[in-house]
Amino acid sequence: MSGLKKTNFGHNLFVACCIVVGLCLQSSSVWAKECFGKLSHAKYFRSLAEITTLAEPFDGVVEVSPDQTANIAHFRITYDDCGFIGEIQYFHGDIPKPIDENYTSNRFVPTSQMTFKRDGSEVRIHFFDHTNKPQIAFQNVFSVRLVHDGKNKLLQADFLDAEGGLTDSSLGYASIKWLWRNDLSVIESRYDAAGELIIGKGEFPFAKARIEFDPDGFAKTIKLLEEEYKVEIKRNGNKTRHSWRIYKGKTPYRGGAANIAGIDFSYDENGYLIRAKYLDEHGNLALTNFGHMGFRRIYNEDGNRLGYYFLNAEGEDWIPPARGYAGQLFHWRKDGIVRIKTEYVDVSGKPMDHPNRGYSTILYEFDARNRTIGQKYFDMNRKIIDVPAE
């Protein structure tokens, strides 16, 4: 641990990350500049495959045809003539859609739109909201500069502010470097803006790790070099994560940001994560650092999350003492584009006040471009709260 600066980490299973490079990993060393940036075709997906490191490929889950996208939320991924990603954008039908905590994205796509501009072996990523307005990501990040070798393997990622300087992000680091041992094995190192190794955030906080990949380019093992455990990740055939387990040697071990030994994931037919069970060393549901033992989510056919509930040791809905409420329900405008109401609820789905914030319901107001222009807060007795208590 000598020379490392450790950061505090919070509940960032769904936000901490390093930005996606899903640039269609190619083994060719040819950089055909004449096809860069000429966006020629798109693919459409119900959701995105979750990844743990920027070195993994970006990919969608449950591909649909353009005709099937008319009334559903989906990610449109546009490629150039070289087969590299040029743009990722979230839509409902043909209307750009805010992400709205929908969790159909992965943790490395924090905004409604991302563009990838390639110049030889370098790529610059920029972030935009659903109105095509530039948006800061990960607290301080204006853009990300990616540097590849001749085989399109990532060598370095730099998180940049508006002036083009390195910036420490909400991910816990400003820069990442990769040292490839072979095509399926790499050492990943994370640094702060001063160039010092730093333990970043995420499911498995580390400063340096040895990562082994499966033939599709997804991480299958992560060995933390400053810790004594490794993570084994399994995937389903559609590229969703089936489970992960932590081991110390060959023995199940509790670790990572949640201090658990593993998670089992379940999905619906559209690839949406609908259940996660947090496990101890013996495979039983375990209380995590986040105060619960798992969750279940509810989605409609449009792809909008309608709610979630925390799970107890029996896999039933409950109110975790550390949370003080059972879950949340989300209500959407009739066209499905924006969320118009959020409620904290008890196990029966009845609104209840958040124990620390003092309100149960948020109502959202929008302008003609689907931008949030106001919020109103109410307690469980429908009394308006002027300033929510935090």
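Residues numbered from 1 in each chain as written. Predicted model: local features only at pLDDT ≥ 70, side-chain atom pairs only at ≥ 80, totals over all residues. Heavy atoms only, no water.

Caption draft 1: Broad picture of the pairing of strand S22 (residues 305-310). For S22, a buried count of 5 out of 6 residues is recorded, marking the element as mostly surrounded by other parts of the structure. One ladder, built from 5 bridges, connects strand S21 (residues 294-299) with S22; its direction is antiparallel. Within S22, the residue paired with Phe 295 across the bridge is Phe 310. Examined bridge by bridge, S22 and strand S23 (residues 327-332) share 3 bridges and lie antiparallel to one another. Paired with Tyr 308 across the bridge in S23 is Gln 328. (Buried < 20%, exposed > 50% of the residue type's maximum accessible area, 1.4 Å probe, protein only. Helix = DSSP H or I, 4+ residues; strand = E, 2+ residues; numbered from the N terminus. Pairing = 2+ DSSP bridges.)

Caption draft 2: Representation of the pairing of strand S14 (residues 208-213) in the model. A one-sided burial pattern is seen for S14, the buried positions being Ala 209, Ile 211 and Phe 213 and the unburied ones Lys 208, Arg 210 and Glu 212. Where S14 meets strand S15 (residues 219-224), 5 bridges bridge the pair, whose relative direction is antiparallel. Each residue of the ladder has a partner; that of Glu 212, found in S15, is Thr 221. What sits between the antiparallel neighbours S14 and S15 is a turn of 5 residues, in which Gly 217 has the positive phi angle 95°.

Caption draft 3: Just the pattern of salt bridges, in detail. A complete count under the given rule lists 20 salt bridges for this structure. The partner of Asp 317 in a salt bridge is Arg 296, and the shortest N-O contact between them spans 2.9 Å. With Asp 317 in the loop between S22 and S23 and Arg 296 in strand S21, the pair connects residues that are 21 residues apart, well separated along the chain. One salt bridge in this structure joins Lys 376 and Glu 365, with 3.6 Å as the shortest N-O distance. Of this pair, Lys 376 sits in strand S26 (residues 372-378) while Glu 365 sits in strand S25 (residues 361-366), placing them 11 residues apart in sequence. Assessed through its relative accessible area of 38%, Lys 376 is described here as partly exposed. Linked by salt bridges that have partners in common, Glu 50, Arg 107, Glu 203 and Arg 241 make up one network. (Salt bridge = Lys/Arg side-chain N within 4 Å of Asp/Glu carboxyl O.)

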